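The primary structure of each chain is shown beneath.
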Amino acid sequence: MCGFCGFTGNEYNDDDNTVIRKMAERVSHRGPDGEGYYVDGDISLGFRRLSFFDLKRGAQPMRSSDGVYSLVFNGEIYNFIELRAELAVKGHVFETTADTEVLLHMYEEYGGGMLDRLRGMFAFVIYHHASGELFAARDFFGIKPFYYGVFGGQLLFASEIKSFLEYPAFVRELNPLALEAYLSFQYSALDETFFKGVYKLPPAHFMRYKGGELTLTRYWQARFNPVESYKGKRGLNDIVEQIDAAVKDSVGYHQRADVELGTFLSGGWDSSYITAVSKVEKSFSVGFEYEGFSEIESAKSLAKAKGIENISKNITTTEFWDALPAIQYHMDEPLADPAAIGLYFVCRMAGGYVKGALTGEGADELFGGYEHYHRMYNLSFTKVIPLALRRLIGKWAGKIPFEFKGKRFLQSAGKPPEERYIGNFHTFTDEDRAEILQPEMLHNLRTIDITRPYYDQAREMGYDDITKMQYLDLHLWMVGDILLKADKMSMANSFEIRVPFLDREVFSVAASIPTRYRVNRKGAKYALRQAALRNFPDGKGKMRRGFPVPTRLWLREEKYYAVVREAFEKEFVGRIFRRDKLLQLLDRHKLGKADHSRMIWTIYMFILWHERFF
């Protein structure tokens, strides 16, 4: 796990390599173990290393033995030992035992076809010195970030956008389209970032750049393909066996390292499963000093039963709020998920004991774990009622000016997921955004314009409603929220997070599970929970929510209400938002008239981010 940056052309090269060194210094937190540079007339590469394999060698940028290629790479290739043996048979000679060198030889042998053979998380750039072609790729699920843009006629690329700030031709300009999308999704949901002209290379894509021509190509597609047995329905026991075998196999690969690893143990099903089947000595947990907002005792109980040390911390309210500006800086783009702060602190704590940790990210998207999916299951009986009638009932319920039991159920039943589900949280509706943003910030972006391509693909593949929602979350929520905060919060603390569920072999099993074993009347993520239970000491599931955060309560306390109100009243905020609407949201929440905590938090995180970068 490391950080890299680079640019084409020679306009900003000098004898001291000043520009590329400053760009790399911006991501020094990603790699405190070493740095390296390569500069010639056509390419400048910078690198910061956080070493996990071959600690004394494996430095980057790495040059091929014949001098044809140079490589910078962020991530881990977990099957590098097997690939190295395969390449050795073909005559390749290695000078290190690092996965970085294997990646370079794989490109020499297979070119872009190498990607189909990798098992891991990665973002990398390979430069061909003779032709001047740059080849870059991002991993299957988007675990590792990759940003790029063309400025001053040259290509810039980096692990974090903040590296671009040191490039003289970079233009720092806010992208209002990204803001509109963010207000609804709570994360950056577009391919173009909050910085105009800066883009994210999508997951499972590679990029080629030569002579000013840039092309993007998808090399893999995550598809759900439920499989029944030849003679009828697959048995649950068979599916559970396959899940357990795949997870344990993946955990084994993800524990490969020349340094000590631990696990994060939140008290949720997924991290508990990973901890239970791993071979680590230490686990790490955090909670908050509010009743009902800490699952440390549940985590400690599992760790003790498995003979694993659990190191924990309750985050104080002051620590939480004091860390927010730095956290939004490390994010590069605003993120309104409060769980990121818990992740930041657990990474900081764990870094005092180990160099990396295995975590449970990705299980909900692959195996159907979100409560939204279970609610969709509960709505399934409504399909016997014609959609037109359901729509009428839903509209009728929505017009009733007071809340009553079942109101939201009736409203939901009147809409297919394509019309109401954009992910785990739908913060501001399109209409809400039009009310709070200044007119010049509005560009008529609709959330449905972002989700429609994925729903169209899901419809073409014949997915049911629950699988449609999983497919959407796999491509939007998981990449834009779950994996973004995992990478940025860990790297902010020079720490590595590994995600065993997000492995192609695990996905192939998850994708084959019939919907009835993913979500049913007994709950969400049903088959995975059965696999996890096999590995819990008492065979019972006591796990709950992960890292819950009491933002709703804090925003009703006078102290933090005042902090947010002061932010809302800043001069630049009034140029972007209608301040009267923001203050109305804040006051109604404080008085307990409504729960606007999500909306308030989303805007406040944007303000903190904007102050750091603009």
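As a reminder, the structure under discussion sits directly above these lines.
Residues numbered from 1 in each chain as written. Predicted model: local features only at pLDDT ≥ 70, side-chain atom pairs only at ≥ 80, totals over all residues. Heavy atoms only, no water.

**Remarks on the overall build of the protein**
- From N to C terminus, the protein includes 26 helices and 19 strands.
- Within the protein, the fraction of its 614 residues that count as buried is 60%. (Helix = DSSP H or I, 4+ residues; strand = E, 2+ residues; numbered from the N terminus. Buried < 20%, exposed > 50% of the residue type's maximum accessible area, 1.4 Å probe, protein only.)

**As for the pattern of salt bridges**
- Taken as a whole and judged by the stated rule, the model has 41 salt bridges.
- Among the salt bridges present, the one from R48 reaches E25, with a minimum N-O distance of 3.4 Å. Residue R48 is found in strand β3 (residues 43–49), and its partner E25 is found in helix α1 (residues 18–25); the two are separated by 23 residues along the sequence.
- Overall, the relative accessible area of 10% leaves R48 in the buried class.
- Residue E25 is classed as partly exposed on the basis of its relative accessible area, which comes to 47%.
- In this structure, D270 engages K525 in a salt bridge whose closest nitrogen and oxygen atoms are separated by 2.8 Å. Of the two residues, D270 is situated in helix α6 (residues 269–277) and K525 in the loop between β19 (523–524) and α21 (526–533); the sequence distance between them amounts to 255 residues. Taken as a pair, D270 and K525 share a single burial class, namely buried. (Salt bridge = Lys/Arg side-chain N within 4 Å of Asp/Glu carboxyl O.)

**Overview of the side chain of H610**
- Within the fold, H610 resides in helix α26 (residues 597–613).
- Residues contacting H610, with those up to four places away along its chain left out, are L174, F572 and I576. (Contact = heavy atoms within 4.5 Å.)

**Side note on the sheet that holds strand β13 (residues 261–264)**
- As summarised here, the arrangement of the five strands in space is β15-β14-β13-β16-β17, forming an open sheet in which the pairing is parallel. Looking at which strands have only one partner, the edges of the open sheet turn out to be β15 (309–315) and β17 (496–498). Within this sheet the neighbouring strands show an average axis-to-axis angle of 30°, counted without direction.
- Sheet topology places β13 next to strand β16 (residues 356–358); three bridges connect them, and they run parallel. Paired with T263 across the bridge in β16 is L358.
- In the packing of helix α7 (residues 296–305) onto the sheet, contacts are made with β14 (282–288) and β15, and the angle to β15 comes to roughly 175°. (Pairing = 2+ DSSP bridges. Axes fitted to C-alpha atoms, helices over the stretch in contact; angles between N-to-C directions.)

**Examining α7**
- Regarding α7, the residues found buried are I296, A299, L302 and A303. Buried positions in α7, seen along its axis, are confined to an arc of 130° and lie on one side of it. Facing away from the buried surface of α7 by more than 90 degrees, the exposed residues are E297 and K304.
- At its buried positions, α7 is contacted by α6, β14 and β15.
- The first or second residue beyond α7 is G307, which carries a positive phi of 75°. (Arc of directions from axis to C-beta.)

**So, unusual backbone geometry**
- In this structure, P61 follows Q60 across a cis peptide bond, with omega equal to -5°.
- Here P61 shows up in the loop between β3 and β4 (62–63).
- The phi angle at S494 is positive, at roughly 50°, despite the residue not being glycine.
- Topologically, S494 is positioned in the loop between α18 (477–492) and β17.

**Focus: the environment of V68**
- Relative to the helices and strands, V68 resides in the loop between β4 and β5 (69–77).
- Once the C-alpha coordinates of V68 and A130 are considered, the two residues, 62 residues apart in sequence, prove to be 6.8 Å apart.
- With residues near it in sequence (within four places) discarded, V68 still touches Y127, H128 and H129.

**Here we look at the packing of helix α8 (residues 317–331) against helix α23 (residues 558–568)**
- At a closest axis distance of 13 Å, the pairing of α8 and α23 adopts a crossing angle of 5°. Viewed along their axes, α8 and α23 adopt a mutual orientation that is roughly parallel. Packed against α8, whose contacting residues are T317, T318 and W321, the element α23 presents K559, Y560, V563 and V564 at the interface.
- In terms of residue class, the contact of α8 with α23 is built from four nonpolar, two polar and one charged. (Parallel < 35°, antiparallel > 145°, perpendicular 65-115°, else oblique. Nonpolar A, V, L, I, M, F, W, Y, C, P; charged D, E, K, R; others polar.)

**Side note on the packing of aromatic side chains**
- Inspection of the entire model under this criterion finds 51 aromatic pairs.
- Measuring from ring centre to ring centre gives 5.9 Å for F320 and W601, while their planes differ by 40°; the resulting arrangement is tilted. One end of the pair, F320, is in helix α8; the other, W601, is in helix α26, and 281 residues separate them in sequence.
- Exposure remark for W601: the relative accessible area of 2% places this residue in the buried category.
- With 5.8 Å between their ring centres and 35° between their planes, F606 and W609 make a pair best called tilted. Of this pair, F606 and W609 both sit in helix α26, separated by three residues, roughly a single helical turn. (Phe/Tyr/Trp six-rings, centres within 6.5 Å; stacked < 30°, edge-to-face > 60°.)

**Let's talk about the pairing of strand β6 (residues 120–128)**
- When you tally the buried positions in β6, you get nine out of nine residues, the bulk of the element.
- Between β6 and the antiparallel strand that follows it, strand β7 (residues 134–138), lie five residues; G132 among them carries a positive phi value of about 80°.

**Let's talk about the environment of Q186**
- Relative to the helices and strands, Q186 resides in the loop between α4 (176–185) and β10 (199–200).
- What makes Q186 buried here is its relative accessible area of 0%.
- Spatially, the C-alpha atoms of Q186 and F428 are 8.8 Å apart, while their sequence positions differ by 242 residues.
- When neighbours within four sequence positions are excluded, Q186 is seen to be in contact with L335, A336, D337, F425, T427, W477, D481, R598 and T602.

**Some details on the packing of α8 against α18**
- Across the interface, α8 lies against α18 with an axial gap of 9 Å and an inter-helix angle of 115°. Here α8 lies roughly perpendicular to α18, going by the angle between them. Relative to α18, α8 is oriented so that their crossing is right-handed. Counted together, I327, H330 and M331 of α8 and L484, K485, K488, M489 and A492 of α18 form the full contact between these two elements. (Left-handed = near helix turned anticlockwise from the far one by under 90°.)

**Quick notes on the nonpolar core**
- Grouped together as the largest cluster of nonpolar side chains are 185 residues, with contacts concentrated most on F124, I243 and F577.
- Residue contributions to this core peak at eleven residues, all from α26.
- Leave out the neighbours within four places in its chain, and F124 touches F4, L71, V72, F73, L103, M114, L115, F135, A136, A137 and F146.
- The next biggest cluster of nonpolar side chains, apart from the first, holds 18 residues, and it includes A123, V125, Y127 and F157. (Core = buried A, V, L, I, M, F, W, Y, C linked by side-chain atoms within 4.5 Å.)

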